[in-house]
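# Per-entry structural report
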Amino acid sequence: MATVHVLDHPLIQHKLAILRDKNTGVKEFRELVSEIAGLMCYEATRSLPLMDVDVETPVATAHCKMLAGKKLAIVPVLRAGLGMVDSMVDLIPSAKIGHLGLYRDPETHMPVEYYCKLPDDIANRQVFVVDPMLATGGSSIAAIDFLKKHGCKNIIMMNIIGCPEGVKAVQEAHPDVDLYLAAVDEKLNEHAYIVPGLGDAGDRIFGTK
Ligand code: PRP
Ligand code: URA
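This section reports on the structure supplied with the text. The numbers attached to residues start from 1 for each chain and follow its sequence in the written order. Following the order in which they are written, the chains are lettered starting with A and the ligands numbered starting with 1. Under the rules for a predicted model, residues below a pLDDT of 70 receive no local features and side-chain atom pairs below 80 are neither given nor counted, while totals for whole chains, interfaces and linings still include all residues. Hydrogens and water are ignored here; the side-chain numbers use all heavy atoms of the structure.

### Here we look at the overall build of the protein chain
Secondary structure elements follow DSSP: runs of H or I of four or more residues count as helices, runs of E of two or more count as strands, with numbering from the N terminus. A tally of regular secondary structure across the protein chain gives six helices and 13 strands. Reported as C-alpha extents along the three principal axes, the dimensions of the protein chain are approximately 65 × 40 × 30 Å. Counting the 209 residues in the protein chain, one finds 47% classified as buried. Intrachain contacts of the protein chain at a sequence separation of at least 6 include 63% that bridge at least 24 residues. Per-residue accessibility, obtained with a 1.4 Å probe over protein chains only, is compared with the maximum for each type, and a residue is labelled buried under 20%, exposed over 50%, and partly exposed between these values. The contact rule is simple, with two residues in contact once any of their heavy atoms fall within 4.5 Å.

Below, the structure written as structure tokens:
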């Protein structure tokens, strides 16, 4: 079964508290999503494989480590996942980026796919799927399904806020995919919004409501 990592680092929790606040405006919300994603990326990449390298310093040979193994890709689920990309690319500048457009049907809450553009060699990469919200789990599950259909075998899911229903659904659908979250909230409401959550992540990032 996949591991669920809830990242309770004080910096993440502090920024998350401001992010949730209904009085936080678009500019600050966007900045916070990006900062939290960067901090989460630091933790989610902790188990990446390393290789030994010798580096000549001005003084002597240093026995060092550098990233080895598979190359990386970041796949944001549009729209809201876009807000998590820049800070991750700052940390992993050579990562390729795929885009997957999904929106939740307002009636059924089921994900509807409307866009996809992935790197050609996505199947050979360690993929980080990013989306701030894991509510019913439908979008994250569909994103992972889609990537698996494109041959991806190494997928990590990063959501800022989840809930027990969504975490369970992803774990059941994709037991091989580790989940990284900053918080697992109480529940979903009757509109499939996370309680207490932060409202609609896409609208708050892009100022569309
Ligand atoms: C939000 C969010 C996730 C999805 C989570 O996107 O960014 O993708 O809902 O809900 P789920 O776990 O129940 O699928 P939304 O569909 O509102 O689209 P948007 O990012 O374009 O606003
Ligand atoms: N999508 C959001 O943006 N927020 C929620 O609480 C649920 C789905």
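### A closer look at the packing of helix H1 (residues 10-20) against helix H2 (residues 26-44)
Where helices are involved, their axes are fitted lines through C-alpha atoms of the stretch in contact, as for all axes, and angles between N-to-C directions lie from 0 to 180°. Relative to each other, H1 and H2 sit at 155°, their axes nearing to 10 Å. Classified by the interaxial angle, the pair formed by H1 and H2 is roughly antiparallel. The crossing of H1 and H2 is left-handed. Contacts from Leu-11, Ile-12, Lys-15, Leu-16, Ile-18 and Leu-19 in H1 reach Glu-28, Phe-29, Leu-32, Val-33, Glu-35, Ile-36, Leu-39 and Met-40 in H2. Put simply, Ala, Val, Leu, Ile, Met, Phe, Trp, Tyr, Cys and Pro go in the nonpolar bin, Asp, Glu, Lys and Arg in the charged bin, and everything else, Gly too, in the polar bin. Class assignment of the residues belonging to the contact of H1 with H2 gives a composition of 11 nonpolar, no polar and three charged. By definition in this entry, angles of less than 35 degrees are roughly parallel, angles greater than 145 are roughly antiparallel, angles of 65 to 115 are roughly perpendicular, and the rest are oblique. The crossing is said to be left-handed when, going from far helix to near helix, the turn is anticlockwise and less than a right angle, and right-handed when the turn is clockwise.

### Brief notes about the site of ligand 2
Throughout, near means a residue has at least one heavy atom within 4 Å of the molecule or strand. All residues in the neighbourhood of ligand 2 are listed as Arg-104, Met-133, Ala-135, Ala-192, Tyr-193, Ile-194, Gly-199, Asp-200 and Ala-201. Each polar contact in these results corresponds to two N or O atoms within 3.5 Å; when the atoms are within protein, one needs to be able to donate a hydrogen and the other to accept it, and residues that are neighboring in sequence are counted only if both atoms are side-chain atoms. Note that a nitrogen atom of ligand 2 is positioned 2.8 Å from one of the backbone N or O atoms of Gly-199. Ala-201 places a main-chain nitrogen or oxygen 2.8 Å from an oxygen atom of ligand 2. Computed on the free molecule, ligand 2 has an accessible area of 230 Å², of which 89% lies beneath the protein chains in the complex. Residue composition of the shell around ligand 2, by class: six nonpolar, one polar and two charged. Methods summary: accessible areas were calculated by the Shrake-Rupley approach with a probe of 1.4 Å, and residue burial reflects only the protein chains presented.

### Observations regarding the site of ligand 1
Around ligand 1, 16 residues are found, and the nearest of them are Arg-104, Asp-131, Ala-135, Thr-136 and Ser-139. In this structure, an oxygen atom belonging to ligand 1 sits 2.9 Å away from a side-chain N or O atom of Arg-79. A total of 500 Å² of accessible area belongs to ligand 1 in isolation, and the protein chains cover 91% of it.

### A closer look at the packing of aromatic side chains
Pairing of aromatic side chains requires ring centres within 6.5 Å, counting the rings of Phe and Tyr and the six-membered ring of Trp. Pairs whose planes differ by under 30 degrees are stacked, by over 60 edge-to-face, and all others tilted. Taken as a whole and judged by the stated rule, the model has one aromatic pair. Where Tyr-103 meets Tyr-114, the ring centres are 6.0 Å apart and the plane angle is 40°; that geometry is what we call tilted. Taken together, the residues span a long stretch of sequence, with Tyr-103 in strand E6 (residues 99-104) and Tyr-114 in strand E7 (residues 111-117) at a distance of 11 residues. A residue is classified by how much of its surface remains accessible, and Tyr-114, at 43% relative accessible area, is partly exposed.

### Description of the pattern of salt bridges
We define a salt bridge as a contact between a side-chain nitrogen of Lys or Arg and a carboxyl oxygen of Asp or Glu at a distance within 4 Å. This model, assessed by the stated rule, comprises 11 salt bridges. The partner of Glu-43 in a salt bridge is Arg-46, with the nearest N and O atoms 3.1 Å apart. Through salt bridges that share partners, Arg-79, Asp-203 and Lys-209 make up one connected network.

### Description of the environment of Thr-208
Within the element layout of this structure, Thr-208 appears in the segment after helix H6 (201-206). Classification of Thr-208 as partly exposed rests on a relative accessible area of 45%. Sequence spacing of Thr-208 and Val-26 is 182 residues, and the spatial spacing of their C-alpha atoms is 9.6 Å. With sequence-adjacent residues up to four places away left out, Thr-208 is seen in contact with Arg-79, Gly-202 and Asp-203.

### Focus on the pairing of strand E11 (residues 178-184)
Counted residue by residue, E11 has five buried out of seven residues, so it is predominantly covered. A pair of strands is labelled paired if DSSP reports no fewer than 2 bridges between them. Strand direction decides the pairing type here: strand E10 (residues 154-162) and E11, joined by six bridges, are parallel. When the bridges of E11 are listed, Gly-162 appears paired with Val-184. We call a crossover right-handed when, viewed with the strands running away from us, the connection from the first strand over the helix to the second turns clockwise. For the crossover from E10 across helix H5 (residues 164-173) to E11, the handedness is right-handed.

### Regarding helix H4 (residues 138-149)
Each residue after the first adds 1.5 Å to the expected span of a helix. The first and last C-alpha atoms of H4 sit 16 Å apart over 12 residues, in line with the 16 Å expected at 1.5 Å per residue. Backbone geometry just after H4 places Gly-151 at a positive phi near 95°.

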